[in-house]
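# Coordinates in review
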Amino acid sequence: MQINIAKKSDAKEQDVTDERIYRDRRSLLKKMGFVGASALLSGSAQADLFDVFSDKKEPGFKVEPLKFKADKQNEAMKQTPEQKATHHNNFYEFGTKKSDPAENAQNFKVNPWQLEVKGAVDKPLTLDYDDLLKSFPLEERIYRLRCVEAWSMVIPWVGFSLASLLTKAGVGSKGKFVKFTTLKSPTQMPGQANRFKGGGIDYPYVEGLTIEEAMNPLTMLAVGIYGKTLPPQNGAPIRLVVPWKYGFKSIKSIVKIELTERQPINSWNQLLPSEYGFYANVNPEVDHPRWSQASERLITSGGLLSRNRIPTLPFNGYAEEVAGLYKGLDLRKNF
Amino acid sequence: MTTDLMKKPLLTMSRKILLFKAFVHISALWIVIDLYYKAINDLLGSDPVKEVIHSTGIGGLNLLLITLAVSPLAKKFKLSWLMRSRRLLGLYAFLYACLHLVSYAAFELQWDLSLLTSEIIKRPYITVGMVVFSLLLMLAVTSPDYCKRKLGKRWQKLHNYNYLIILLVPTHFYWSVKSDVLEPLIYFFMAFVMLYFRRDKIKQMLRKTN
């Protein structure tokens, strides 16, 4: 007999998708479609249906289906609809509005790609586009994603543990931190070419983790989402996912992973040090200076009237797995 | 007979006012109805809550700017019918401000009133927003002709608070964004343009208070 002991972070009964509601929403959309074509100007769920009426060319980017091991343990979690997760992105390289990346990133080139793994590793590596998808067995992981702006999503990522890659490169004793860098390509990324479009960030975008955080089995490199390769607005071709930290830690479109002796300066911390720290662990007790972090709005299907405000959990609900990493650290100071 | 027709103005003053007011009612209400209809039916992008709060806020600010543009335009082009429709525009700015605040409380905070109270106290940009709302409420309440007559000279003094409001609203906006400051800066610029039209009056006001 198999006995399942539930971890705190496992899906709960209330997270289960109500398939009927989800389907109803779609059919409602279809029924209304031709009555109000303009009704879908802002990122419609039925873009293809209205291509006749609009000259929007989206989506131009082709995603491919992936083979992976499904996340059976969390399959009951109510996922954010794919359309929402792929049209509500903070990726300032493509503009500061949530809808900008889906609009501006469709011509982004991900193949060829080069991801360098270097610094204090035994064996520096360079992975090309195919290596990213084929070097490690891919698995699905359904994680909560908590943005520092107090909204959240539930997203099925596809990828592998960062630890697998770091182990392959050989982690010596010198590397205390891992520094990640996004591609810099102002011709493809309008936010990097114009200060106002990019929100004032000093590009390329940089993030960092301690080596212990990087080696934690929850920390993953994602190459896919919803069973397919990542669309560019979600960080194609490869991005970091650290589910117990605020979303800005999960850096997108990575070209460089370096093991360093010193703590790297991450981009948001550099821009606004009083508002964004290095650790950025999800913590309902430490407010952002300009808003409360005690609760969040979970973005799922459902309109204005859905009651989607939920309490924020310490470490985004992954305390059991990661709280030990921070023993003796003052999380109020090290926010 | 044709000459008779030519002599008569195509539209009388009261007709012009009526038509313009009808236009204001229809467009201001249509925008709101359309917005909430889409938001409720989840047709407004990924996060209808944020969209509704943002759109009503920006809509209110746009209406305030339009309201402030009325008197310079009416003076320049001698459009007294426009001047006589100004109050309606101001009242719609107030309606949008109400919707903005109520949507924040109802859909963002979902009636967590203790959170609302603590946010108003703790977050400067929300404090500024509430100050603006109180001022707008005061102006809306004193907008009927009856109040105008009763208040006499003080009415104009009271309604000069619009010049403060038009600077506080972009401040509230600027303070609320993460680092994408372009749009708030454009609104600051437009606010200064509106104040520039009234530079003599404002200089006088400042001299009196000093």
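These numbers were taken from a predicted model, which means no experiment stands behind them.

What follows is about the overall build of chain A. In terms of helices and strands, chain A carries 9 helices and 12 strands. Going through the 335 residues of chain A one by one, you find that 41% of them count as buried. In chain A, the proportion of contacts linking residues at least 24 apart, taken out of those at least 6 apart, comes to 70%.

This paragraph deals with the overall build of chain B. Looking only at helices and strands, chain B has 12 helices and 0 strands in total. Ordered by position in the sequence, the α and β elements of chain B form the string α-α-α-α-α-α-α-α-α-α-α-α. Projected onto the principal axes, the alpha-carbon positions of chain B cover approximately 70 × 50 × 35 Å. Residue burial in chain B is summarised as follows: out of 210 residues, 26% are buried. Put simply, 64% of the contacts in chain B that link residues at least 6 apart link residues at least 24 apart.

Our next topic: the packing of helix H3 (residues 48–77) of chain B against helix H5 (residues 86–108) of chain B. All names here are of chain B. Where H3 meets H5, the closest approach of the two axes is 8 Å, and the angle between their N-to-C directions is 160°. Our classification of the angle between H3 and H5 gives roughly antiparallel. The chirality of how H3 crosses H5 is left-handed. Within the contact of H3 with H5, the residues separate by chemical class into 15 nonpolar, 8 polar and 2 charged.

All right, on to H3(B) then. All names here are of chain B. Between its terminal C-alpha atoms H3 stretches 41 Å, which fits the 44 Å expected from 30 residues at 1.5 Å a residue. A bend of about 30° at Val 70 is the largest found in H3, and the proline Pro 72 appears one to four places after it. One or two positions beyond H3, positive phi appears at Lys 78, with a value near 55°.

Within the secondary structure layout, Glu82(A) lies in helix H2 (residues 82–85). Along the primary structure Glu82(A) and Lys134(A) are separated by 52 residues, whereas in three dimensions their C-alpha atoms are 24 Å apart.

Every contact between the two is made by 24 residues of chain B and, on the other side, 30 residues of chain A. Residue assignment for the side of chain B that touches chain A shows that the elements contributing at least two residues are helix H2 (13–40), H3 and helix H6 (113–122) of chain B. The element that contributes the greatest number of residues to the side of chain B that touches chain A is H2(B), accounting for 4 residues. Among the residues forming the side of chain B that touches chain A, the class breakdown is 12 nonpolar, 5 polar and 7 charged.

Okay, the sheet that holds strand E1 (residues 114–119) of chain A next. Residues and elements named next belong to chain A. With mixed pairing, 5 strands are arranged side by side in an open sheet as E2-E1-E10-E5-E6. Only two strands of the sheet have a single partner each, and these edge strands are strand E2 (125–128) and strand E6 (206–210). Across this sheet, the average inter-strand angle for adjacent strands is 15°, counted without regard to direction.

To continue, consider the packing of H2(B) against H3(B). Residues and elements named next belong to chain B. Between H2 and H3, the shortest axis-to-axis distance is 10 Å and the interhelical angle comes to 170°. Judged on the interaxial angle alone, H3 and H2 are roughly antiparallel. Facing H2, whose interface residues are Ile 31, Leu 35, Tyr 36 and Ala 39, H3 presents Pro 48, Glu 51, Val 52, Ser 55 and Gly 59. Residue composition of the contact of H2 with H3, by class: 6 nonpolar, 2 polar and 1 charged.

The next subject is the environment of Lys98(A). With respect to the helices, strands and loops of the structure, Lys98(A) is situated in the loop between H2 and helix H3 (100–104). C-alpha of Lys98(A) to C-alpha of Gln233(A): the two residues are 135 residues apart in sequence and 9.9 Å apart in space. Each residue touching Lys98(A), except ones within four places of it in the same chain, is listed here: His88(A), Asn89(A), Asn90(A) and Ser46(B).

Moving on, we get to helix H11 (residues 182–196) of chain B. Residue and element names in this part refer to chain B. For H11, with 15 residues, the first-to-last C-alpha span of 21 Å sits near the 21 Å given by 1.5 Å per residue. For H11, the complete set of buried residues consists of Tyr 187, Ala 191 and Met 194. Take H11 and look down its axis: the buried residues cluster within an arc of 60°, on one side only. Exposed residues on H11 whose side chains face more than 90 degrees from its buried face are Leu 185, Ile 186, Phe 189, Phe 192 and Tyr 196. Buried residues belonging to H11 abut H3 and helix H10 (162–176).

Time to look at the nonpolar core. Ranked by size, the top nonpolar core spans 66 residues in total, and within it Ile155(A), Trp157(A), Ala222(A) and Ile225(A) carry the most contacts. A total of 6 residues in this core trace back to one element, the largest contributor, which is strand E4 (residues 151–161) of chain A. Leu63(B), Leu68(B), Leu136(B) and Ile165(B) belong to the second largest nonpolar core, which has 21 residues in total.

Moving on, we get to the confidence of the model for chain A. Residue and element names in this part refer to chain A. The share of residues in chain A with pLDDT of 70 or more is 82%, and the mean pLDDT across the chain is 88. Confidence drops under a pLDDT of 50 for residues 16–23, and excluding neighbours within four residues, the segment shows 7 contacts in the predicted structure. Across residues 25–55 the pLDDT falls below 50, and counting only partners more than four positions away or on other chains, this stretch makes 28 contacts in the model.

Let us now look at unusual backbone geometry. Residues and elements named next belong to chain A. With an omega dihedral of 10°, the bond running from Asn 111 to Pro 112 counts as a cis peptide bond. With respect to the helices and strands, Pro 112 occurs in the loop between H3 and E1. For the bond from Tyr 203 to Pro 204, the omega torsion is 5°, close enough to zero to count as cis. The residue Pro 204 is located in the loop between helix H6 (190–193) and E6 in this model. In this structure, Ala 280 takes a positive phi of about 50° despite not being glycine. Mapped onto the elements, Ala 280 comes out in the loop between helix H8 (267–271) and strand E11 (295–298).

The next thing to look at is the pairing of E11(A). All names here are of chain A. With 2 bridges joining them, E4 and E11 adopt parallel strand pairing. Along E11, the bridge assignment pairs Ser 152 with Leu 298. Strand direction decides the pairing type here: E11 and strand E12 (residues 309–311), joined by 3 bridges, are antiparallel. By the bridge assignment for E12, Ser 295 is matched with Pro 311.

For Arg297(A), the position within the fold is in strand E11. Here the alpha-carbon distance between Arg297(A) and Val242(A), two residues 55 residues apart in the chain, equals 19 Å. Excluding residues within four positions of it along the chain, Arg297(A) makes contact with Ala150(A), Trp151(A), Asn308(A), Arg309(A) and Val49(B).

Parameters and conventions
Residues numbered from 1 in each chain as written. Chains lettered and ligands numbered in written order. Predicted model: local features only at pLDDT ≥ 70, side-chain atom pairs only at ≥ 80, totals over all residues. Helix = DSSP H or I, 4+ residues; strand = E, 2+ residues; numbered from the N terminus. Buried ≥ 20, exposed ≤ 12 C-beta atoms within 10 Å, placed from the backbone. Contact = placed C-beta atoms within 7 Å. Axes fitted to C-alpha atoms, helices over the stretch in contact; angles between N-to-C directions. Parallel < 35°, antiparallel > 145°, perpendicular 65-115°, else oblique. Left-handed = near helix turned anticlockwise from the far one by under 90°. Nonpolar A, V, L, I, M, F, W, Y, C, P; charged D, E, K, R; others polar. Expected span 1.5 Å × (residues − 1). Bend = angle between axes of the 7 residues up to and from the residue. Pairing = 2+ DSSP bridges. Arc of directions from axis to C-beta. Core = buried A, V, L, I, M, F, W, Y, C linked by C-beta atoms within 7 Å. pLDDT = per-residue confidence, 0-100.

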